[in-house]
There are 2 protein chains.
Amino acid sequence: MSDKKRVYTFGNKKAEGKTSMKNLLGGKGANLAEMNLIGVPVPPGFTVTTEVCTEYNLLGEEKVRELLKKEVEAAVKQVETIMGTAFGSNENPLLVSVRSGARVSMPGMMDTVLNLGLNDAAVEGIAKKSGNPRFAWDSYRRFVQMYGDVVLGMSPESKEDIDPFEEIMEALQEEKGYKSDLDFTVDDFKVLVKQFKAAVKKRTGHSFPDDPWEQLWKAVMAVFDSWNTDRAVYYRTLNKIPGEWGTAVNVQAMVFGNMGQNSSTGVAFTRDAGTGENLFNGEYLIDAQGEDVVAGVRTPQQITLEGSKRWAVLANVSEDERVKSFPSLEERMPERYKELNAIQEQLEQHYSDMQDIEFTVQDGKLWLLQTRTGKRTGAAMVKIAVDMLNEGMIDEKEAIMRQEPEKLDELLHPVFSKEAIAQAEVQAKGLPASPGAATGQLVFFADEANKYENTILARIETSPEDLEGMNISKGILTAKGGMTSHAAVVARGMGKCCVSGAGSIKIDYKARTMMTDGKTYKEGDWISLNGSTGELYDGKLDTIDPEVGGDFAKIMELADKYARMYVRTNADTPHDSEAARNFGAKGIGLTRTEHMFFEGEKIVAMREMILAKDLKGREEALDRLLPIQRKDFEGIFEAMHDLPVTVRLLDPPLHEFVPHDEKGQAEMAKVMGVDVAVIKDKVESLHEFNPMLGHRGCRLGNTYPEITIMQTRAIIEAALNLKAKGVVAKPEIMIPLTGTLAEMKMQEDIVRETIAKIFEEKGNTIDHMVGTMIEIPRAALTADEIAKSAEFFSFGTNDLTQMAFGYSRDDTGVFMPVYLKKGILKNDPFEVLDQEGVGQLVKMAVKKGRKTRPNIKLGICGEHGGEPKSVEFCHRVGLDYVSCSPYRVPIARLAAAQATIKEAIAKAGKKKAKKKKNKNKKGKKKK
Amino acid sequence: MSDKKRVYTFGNKKAEGKTSMKNLLGGKGANLAEMNLIGVPVPPGFTVTTEVCTEYNLLGEEKVRELLKKEVEAAVKQVETIMGTAFGSNENPLLVSVRSGARVSMPGMMDTVLNLGLNDAAVEGIAKKSGNPRFAWDSYRRFVQMYGDVVLGMSPESKEDIDPFEEIMEALQEEKGYKSDLDFTVDDFKVLVKQFKAAVKKRTGHSFPDDPWEQLWKAVMAVFDSWNTDRAVYYRTLNKIPGEWGTAVNVQAMVFGNMGQNSSTGVAFTRDAGTGENLFNGEYLIDAQGEDVVAGVRTPQQITLEGSKRWAVLANVSEDERVKSFPSLEERMPERYKELNAIQEQLEQHYSDMQDIEFTVQDGKLWLLQTRTGKRTGAAMVKIAVDMLNEGMIDEKEAIMRQEPEKLDELLHPVFSKEAIAQAEVQAKGLPASPGAATGQLVFFADEANKYENTILARIETSPEDLEGMNISKGILTAKGGMTSHAAVVARGMGKCCVSGAGSIKIDYKARTMMTDGKTYKEGDWISLNGSTGELYDGKLDTIDPEVGGDFAKIMELADKYARMYVRTNADTPHDSEAARNFGAKGIGLTRTEHMFFEGEKIVAMREMILAKDLKGREEALDRLLPIQRKDFEGIFEAMHDLPVTVRLLDPPLHEFVPHDEKGQAEMAKVMGVDVAVIKDKVESLHEFNPMLGHRGCRLGNTYPEITIMQTRAIIEAALNLKAKGVVAKPEIMIPLTGTLAEMKMQEDIVRETIAKIFEEKGNTIDHMVGTMIEIPRAALTADEIAKSAEFFSFGTNDLTQMAFGYSRDDTGVFMPVYLKKGILKNDPFEVLDQEGVGQLVKMAVKKGRKTRPNIKLGICGEHGGEPKSVEFCHRVGLDYVSCSPYRVPIARLAAAQATIKEAIAKAGKKKAKKKKNKNKKGKKKK
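Residues numbered from 1 in each chain as written. Chains lettered and ligands numbered in written order. Predicted model: local features only at pLDDT ≥ 70, side-chain atom pairs only at ≥ 80, totals over all residues. Heavy atoms only, no water.

(A) Fine view of the overall build of chain A. Each helix and strand in chain A was counted, giving 36 helices and 32 strands. For 927 residues, the compact-globule estimate of 2.2 N^0.38 gives 30 Å, and chain A sits close to it at 32 Å. Projected onto its principal axes, the C-alpha positions of chain A cover 105 × 85 × 55 Å. A total of 927 residues make up chain A; the buried ones form 58% of that total. Counting only contacts in chain A whose residues sit at least 6 apart along the sequence, the fraction spanning at least 24 positions is 69%. Here chain A displays about 37,900 Å² of accessible surface, and carbon together with sulfur accounts for 50% of that area. Chain A carries 127 positive and 136 negative side-chain charges, and their two centres are separated by 8 Å. (Helix = DSSP H or I, 4+ residues; strand = E, 2+ residues; numbered from the N terminus. Rg over C-alpha atoms; globule rule 2.2 N^0.38 Å. Buried < 20%, exposed > 50% of the residue type's maximum accessible area, 1.4 Å probe, protein only. Contact = heavy atoms within 4.5 Å. Areas by Shrake-Rupley, 256 points an atom, 1.4 Å probe, with all protein chains shown as cover. Lys, Arg positive; Asp, Glu negative; His and termini not counted. Charge placed at Lys NZ, Arg CZ, Asp CG, Glu CD.)

(B) Summary view of the interface of chain A and chain B. Taken together, the contacts link 46 residues of chain A with 46 residues of chain B. When chain A packs against chain B, close to 4,100 Å² is buried across both sides, 59% of that on carbon and sulfur atoms. The three residues of chain A that bury the most area against chain B are A:Asn690, A:Leu693 and A:Arg778, which together make up 15% of that side's buried surface. Taken together, chain A and chain B are joined by four salt bridges. (Buried area = accessible area lost by both parts, 1.4 Å probe. Salt bridge = Lys/Arg side-chain N within 4 Å of Asp/Glu carboxyl O.)

(C) Seen up close, the sheet that holds strand β7 (residues 264-269) of chain A. Residue and element names in this part refer to chain A. Judged by pairing direction, the sheet is antiparallel, and its five strands sit side by side in the order β9-β8-β7-β10-β11 without closing on themselves. Each having just a single partner strand, β9 (301-302) and β11 (365-373) make up the two edges of the open sheet. Note: strand β8 (residues 281-286) against β9, two bridges, orientation antiparallel. By the bridge assignment for β9, Glu 283 is matched with Gln 302. (Pairing = 2+ DSSP bridges.)

(D) How the structure looks around the side chain of B:Arg99. All names here are of chain B. With respect to the secondary-structure elements, Arg 99 resides in strand β4 (residues 96-102). At 4.1 Å, Glu 358 is the nearest oppositely charged side chain to Arg 99, a buried residue that forms no salt bridge. Within the structure, Arg 99 has its side chain in polar contact with the side chain of Ser 97 (distance 3.4 Å). Arg 99 has contacts with Lys 28, Asp 111, Thr 112, Leu 114, Val 223, Ala 248, Val 249, Asn 250, Gln 252, Glu 358 and Leu 369, leaving out every residue within four places of it along the chain. (Polar contact = N/O pair within 3.5 Å; in protein donor to acceptor, adjacent residues only side chain to side chain.)

(E) Broad picture of the nonpolar core. With 266 residues, the main nonpolar core has A:Phe637, B:Phe637 and B:Phe793 as its most contacted residues. With sequence-adjacent residues up to four places away left out, B:Phe793 is seen in contact with B:Thr772, B:Ile774, B:Ala783, B:Ile786, B:Ala787, B:Ala845, B:Gly849, B:Ile856, B:Lys857, B:Leu858 and B:Gly859. (Core = buried A, V, L, I, M, F, W, Y, C linked by side-chain atoms within 4.5 Å.)

(F) Structural detail: the sheet that holds strand β25 (residues 566-570) of chain A. All names here are of chain A. The parallel closed barrel is built from eight strands, whose spatial order is β25-β26-β27-β28-β29-β30-β31-β32. The average undirected angle you get between the axes of adjacent strands in this sheet is 30°. Where strand β30 (residues 792-795) meets strand β31 (residues 857-860), four bridges bridge the pair, whose relative direction is parallel. Looking across to β31, one finds that Phe 792 is bridged to Lys 857. The sheet contacts of helix α24 (residues 615-639) involve β26 (588-592), β27 (644-648) and β28 (730-735), and relative to β27 the element is tilted by about 150°. Relative to the sheet, helix α29 (residues 741-762) contacts β28 and β29 (769-774), its axis offset from that of β29 by approximately 155°. (Axes fitted to C-alpha atoms, helices over the stretch in contact; angles between N-to-C directions.)

(G) The confidence of the model for chain A, seen in detail. Of the residues in chain A, 98% have a pLDDT of 70 or more, and the chain-wide mean is 91. Both confidence scores are given for the complex: pTM 0.81, ipTM 0.80. (pLDDT = per-residue confidence, 0-100.)

(H) Representation of the relation of the copies chain A and chain B within the structure. For the pair chain A and chain B, the relating rotation is 180°, the translation along its axis is 0.1 Å, and the fit reaches an RMSD of 0.2 Å. Accordingly, the operation relating the two chain copies is best matched by a two-fold axis. Proximity to the rotation axis, assessed at the C-alpha, singles out A:Asn690 in chain A; its C-alpha lies 2.1 Å from the axis. A shared interface surface links the copies, since 100% of the contact residues of chain A are contact residues in chain B too. (Least-squares fit on C-alpha atoms with pLDDT ≥ 70 in both.)

(I) Helix α15 (residues 378-390) of chain A, seen in detail. Residues and elements named next belong to chain A. Helix length check: α15 (13 residues) gives 18 Å between terminal C-alpha atoms against 18 Å at 1.5 Å per residue, within 8%. For α15, the buried fraction is high: 10 of the 13 residues fall into the buried class. Three or more residues of α15 are buried, namely Gly 378, Ala 380, Met 381, Val 382, Ile 384, Ala 385, Val 386, Asp 387, Met 388 and Leu 389. On its buried face, α15 sits against α14 (334-351), α16 (396-401), α17 (405-412) and α21 (550-562). Remark: Gly 392 follows α15 within two positions and exhibits a positive phi of approximately 80°. (Expected span 1.5 Å × (residues − 1).)

(J) Focus on the pairing of β27(A). Residues and elements named next belong to chain A. Within β27, five of the five residues are buried, which leaves the element mostly enclosed by the surrounding structure. The alternating pattern of β27 places Pro 644, Thr 646 and Arg 648 on one face and Val 645 and Val 647 on the opposite face, and all of these are buried. The pairing of β26 with β27 spans three bridges and is parallel. Counterpart to Arg 592 in the pairing with β27 is Arg 648. In this structure, β27 lies alongside β28, joined through five bridges in parallel fashion. Among the inter-strand pairings, Arg 648 is bridged to a residue of β28, identified as Met 734.

(K) Just the pattern of salt bridges, in detail. One pass over the full model with this rule turns up 126 salt bridges over all chains. The salt bridge involving B:Asp834 is made with A:Arg778; its shortest N-O contact spans 2.6 Å. Residue B:Asp834 is located in the loop between α33 (816-821) and α34 (838-852), and its partner A:Arg778 is located in helix α30 (residues 777-781); the two belong to separate chains. Neither B:Asp834 nor A:Arg778 differs from the other in exposure class; each is buried.

(L) The packing of aromatic side chains, seen in detail. Here the structure, examined in full by the defined rule, presents 42 aromatic pairs over all chains. Both rings, one in A:Phe815 and one in A:Tyr819, keep their centres 5.5 Å apart while their planes meet at 70°; by these two values the pair is edge-to-face. Seen from their ring centres, B:Tyr178 and B:Phe184 are 5.5 Å apart, and the 85° between their planes marks the pair as edge-to-face. Exposure remark for B:Tyr178: the relative accessible area of 21% places this residue in the partly exposed category. Three or more aromatic residues joined by ring pairs make a cluster, and in this case those are A:Phe805, A:Tyr807, A:Phe815 and A:Tyr819. Sitting over the ring of A:Tyr8, A:Lys5 keeps its end group 4.9 Å from the ring centre. (Phe/Tyr/Trp six-rings, centres within 6.5 Å; stacked < 30°, edge-to-face > 60°. Lys NZ or Arg CZ within 6 Å of the ring centre and 35° of its normal.)

(M) Layout of helix α11 (residues 305-315) of chain A. All names here are of chain A. When we look at burial in α11, the residues that qualify are Gly 307, Ser 308, Trp 311 and Ala 312. Along the axis of α11, the buried positions cluster into a sector of 140°, meaning they face one direction only. Each element contacted by the buried residues of α11 is listed here: β9, α12 (319-325), α13 (329-332) and β14 (431-434). Backbone geometry just after α11 places Asn 316 at a positive phi near 60°. (Arc of directions from axis to C-beta.)

(N) Local environment of the environment of A:Val818. Structurally, A:Val818 can be placed in helix α33 (residues 816-821). A residue is classified by how much of its surface remains accessible, and A:Val818, at 26% relative accessible area, is partly exposed. Filtering out sequence-adjacent residues up to four positions away, A:Val818 remains in contact with B:Asn702 and B:Thr703.

(O) Main features of the environment of A:Asp834. We classify A:Asp834 as buried; its relative accessible area is 11%. Sequence-wise, A:Asp834 and A:Thr797 are 37 residues apart; in three dimensions their C-alpha atoms are separated by 9.6 Å. Contacts of A:Asp834, omitting those with residues within four sequence positions, involve A:Phe805, A:Pro829, A:Gly839 and B:Arg778. Side-chain polar atoms of A:Asp834 contact the backbone nitrogen of A:Gly837, separated by 3.0 Å. At a separation of 2.6 Å, a polar atom in the side chain of A:Asp834 contacts the side chain of B:Arg778.

(P) Unusual backbone geometry, seen in detail. Residue and element names in this part refer to chain A. At Asn 12, a position not held by glycine, the phi torsion is positive, near 60°. Tracing the sequence through the fold places Asn 12 in the loop between β1 (7-11) and β2 (14-15). Since its relative accessible area comes to 55%, Asn 12 is described here as exposed.

(Q) Representation of the pairing of β28(A). Residue and element names in this part refer to chain A. Within β28, five of the six residues are buried, which leaves the element mostly enclosed by the surrounding structure. Sheet analysis places β28 next to β29, joined by four bridges and oriented parallel. Residue pairing in the sheet places Glu 732 in a bridge with Met 769 of β29. The parallel pair β28 and β29, bridged by α29, forms a crossover whose chirality is right-handed. (Right-handed = clockwise from strand over helix to strand, strands pointing away.)

Printed below as a string of structure tokens:
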């Protein structure tokens, strides 16, 4: 264990790592190495591997220090050599940054420490060497502050409080009557450092560590610790990132953007992360350090002139004022800008994808600190892929693989109608940080984001702690921060509407109010946000379905070109059917007939049927239901003309239909002309201890065959009626909850006999199929038997999951959150199909079903049919189609295409490996 | 299809069939053939195979008649030749009987027609030929009556009515002032035949068929029809006989026991079917035909002198009276008796088992009409097997295989204590038709046998229609009928207590009363029956556990000698543990800790734990529970010293423990010092929609680890306390409801950490294991994973069945009866393990578990562990043990032995077949 390599160095255009080593070095570390290799100027440093994070969790700090000691010391030595400084020296100290870096970028999740290596002696060395004591002491107070926050846990005491160090700074600023932190003097910084350290001592009981090595080790361990904070775990759960991946730690020589007016620091995107437009853009600050730009403490300036002008319009800043106070980097440092622009082009070409970069200009020299694939909105994702395809940067398959299926969802969300916007009153304007439309009630704290059903989270600025609340709320509004602020970056990653840096609003956390120019809003007031324009409106605005054309249509067309499986929809109404058809559904995979029974006169007849005292009474009520249900089916079949429609026979327990309240029972008693006590008794007799496992599904149809007969009649007569009108209906009758062949066969017989009778009555026929849902574990286990009767299987993975796990979906609320948090479950199995367990049942049923009936039609109609990972699984096990809710049809189409491509890539890889192996064999033979 | 052999003839000591062809010919047909082959006198006839029954169900009457015509005609011709008569002749007619005969004997289930072939012309031919017109006309009226009942459906109109033909006879008897049916004259019989036929015409609208061939065909089809009557289906369900077996039809030349004083008919057993005593016994009647003896119309006489004397004592008949009115066959027809005795010995030797035979003496010549393996009580089953083993008739394995495990149950049922019997008042005395003790409330109709929880069914005589009611009631009492009456035979088959022929009681169906000499009982009155003495007592008598020694112990000893698996018990108390140990349990397979919580102070502490508002509150309540639970475990461990005890941690949903009534909630509020509303809220918050699939099992232990810690502590501390006293406890801690490895591992870690802590505290250790129940389908599917953590698996097949089928055990009442009746399910899967579906999960888990952990301990603790077919399955898949309730331990031991022997036989068979095949190959090669 101890002789494996744990530390990888980089610097001076050399590196031990490269981009393809992301799993070991984390994204940041791998890219820092790669930038060195392609000649981009990067401060030297080293990366501690992600494997050490796992070792840390297993073995603890002491053992890990021991394992790392030699390699880290050698790596520090190498950095010292390149920089010509010495770590721990008082005269010529090496300062470093310590940053986390997991395999996939987790913005704002992990903690960063800058300027590490400073203490009361070293700061003087820096002051002397740089000839800039203010810079030295500013760096020192920043270090103490950051180290205090991140490593020593100096968080605000309550959610209404601010950072304890900020509090000290604000007090001094007030005492001195300063306007901003730019007014602090060297002496002020000295006071601040003293006060900061005292605060640390008071809160933690320990002195602030002065030994640079101690500082370094503690910071490395703090990065590892931050992998397991609640918010990191939450982010991973949200993004389905395994906990065992771990994070790497990057230690890098400091370069300083805060060395004066010839220094700056910034972040930039090679294309627009919100819209996908092919425009280099970003923000920077003069004489500032790293986090300043993102944190939104000062108003950041734009990098390009064009961007700067656009910003001025949105921010209501005159051209004079812009040039004077907010010039672009292109204007302020034209040479550095040219250099930066060349590098961003080089990086995008090199990585063939939009890049999110960080840079620092130290005293006129440009350094790149990071490059990574940029987070983007769903719209940008689609546009960038299609543009790059057109530009010849990527091919069709790559364009498909570049899509995150879940993100397409954003494009399908409602937007404000033009009329609504025209009439709306704009209360404030901020930056269009993340597009979309959001309407909700105001809250000011992330942990209160679920206080109302729809909330807008308004914050002065957001921080990593707010992640969960940001995800729950419908939209995010910040008073401070730019297009690259935490709020903006995270919101775009979530595809969530965000307006950032709306400077005209004033938020008072203690009073829980927000003031715009014209109005004061209280918590709970309704507002609307337009993330595409940065506008904030009063009250609720109307929304409409978005148009799905252009680049989106192009991607969908490509998806269908490559996908092996096709996509159906789950729809119970003509309206839903049409919507799904527009989204590209190739039929209906599940029509739930029970939903139809809940409207008006239908529910009365349904209740009469259930409450009838005998067969005769049931049949009379069913006779009344028949024409109504037939009409329902006509509507759906017409909307889905020429495409197959799977209709599931009555499934839920009957007690769901009967009235449980006295009024409803009295009504039914009147309608049926019986005593209310009779109705009450019957309703009570329908009570079940575990209705999920009770008298439902085909158990209803087998105990009350008359229900199956009526429904079959409604379906087939509807299809024949349409045939007479020249409309082709393709009904597939689905028996629910089958557990044994005998159960299925008995239903099949009833259905087929009924159909034969109708055909004879009408002197006409219609193509049709009879099949079943596979949703009972026993059905999957005996699928070879059941396939003797069923012409198709549709996997009902909701119920299959319930029964395979023994989880009642309605009752997991108590333990599921604990299970996810403790890592007992990686995903909620009702969201992501459990391939290990439930998946075995699906695989088994596919194999057994095909063995008995090679041409059996196989699909899935559980909610997993619209979840990308589950769709991929369905492809792998060989289903013919997936079926999902209308709005998820495009997601499923894309996921199906990706699954096909992925499989082809894997196969090609295997073939290549085999060839190589064979070649080696041959080679050996020749020898 | 049409050229297969459907009819097998026998007669004149030749036969086309033999005993081993039971599946094809039915038991009766196969034995009739065999008796011919071994030289027993049997009237000639033929058998229509069971396969034709299946064809009949598929193809219908017409087609089957066509398929059979040629063969039946040829067979009839052969019988004519042997008998020297002609079917359909008016002068010298052949009369036949038509009887059903399935693979296994179904006493009284199928219908029989005697004297078929008679009509107004043929009866005169018989009268002339026999010179006995009374016999001829008696036979004719019997035929019309039987044929009317069985083939033409002339059943009583209501349950209070008697047979319509009996009614006609009774009316005539009364009109003529006759004492019994023996007084009828030839002319009376002529009148009866006319009136019978008129009644048939009136009820059915059709004339009685006069054509003998038509009579025959209709009778054959009626036998097939009777295979699917409700009562036949019920019997099959009860005895787990597949519906597809079908019944054969036996057509046989009539011989007549009603030809006068030199004729008789009877039934006999080669040993005592009630006690197993090696005594030839049976009953007969002079001048009577077939059904008379069994139907109990006349008081039957005993076959042996010894039997006759015993009977007289029980029936309170003086020796003079006995000799005069009820002489034994041994006295009445000594030569025939000798012949019969020789044949019964021959048959028992030939079949190596106790035989139930039917015979007829026609005018001095003895004919055997049937032999079959005799039904017997559990006690007789055990005694006969042990006796035959001692007699050298069978070997040890055969003695084991002769046991029906379920029947052992009878021997373990409580019996009346000697004290209770000494004090009881004997109200009436009948025949000890089937041993056992029964106490219940009187009912007079079989379909009311479930009117009270415990019922005694009292009937004048029973009939096949009463089967279901007989099974439900605790005991059966009849006023008429002997030891071979329907009631007696069926009750012995069911192992149900029965007193038959209690002549002193008078039952009035209309008034629903029963009169004994001293008292009139109404419906609902309590009485007690002693089936071993034939006594009827007033009121309820105390019962005690039976002694299990002697022959029973011998069989158990043999079982343990041959069984591969061992048997544990499910027990939650020291008392149950001791009982099971006495029954041979080798440990406890399941101790449910939750049952312990329901007593006294425990439930209060338990409720405090559940209702506590936080961890601290829970821990305080658990601290109070710890010593109580530890004491419980000490009791169980002590009772099971030196044997392993599997303790399952808390399993049921918490809401099962909390008070749902206001009073209980108020009490808890007081105890806990909180408002009752708080308690109410908490109780309501525990409500679940599907508690079976909710927050229970290890989901409790993983969300509230403190419960697992407390229970582990109680178990291990109890074991250590006993160790200090020199008692060896072997705890096996079982995690319930595991579905994933992570779930199991988390519990295992808690348990092992707790144990390590206790060992350190006490400075002492104890051997122990940590394993899990496999009861969630997903656990079976991923058993290879779970075995990484679990040292043993115990299959919880109750829950596994619930989840694999999606059946809530508490809610199957609505559809399960329908499913069993319609044949959708062959067995209730909660009674007999579903090998096809659930069994796959068990097999899979065994295989996967052993793959990961070759020495994993495997058992079953679901209720199937005491069900013989399921035990056999457990043996086959390779479990180490089964665990069942204490009273089923002997049944499981026996079933385990039978499974081992069966497997060895099957293996030997395969080996033999292989050898034969190889030999054939060799032979071929030589050629």
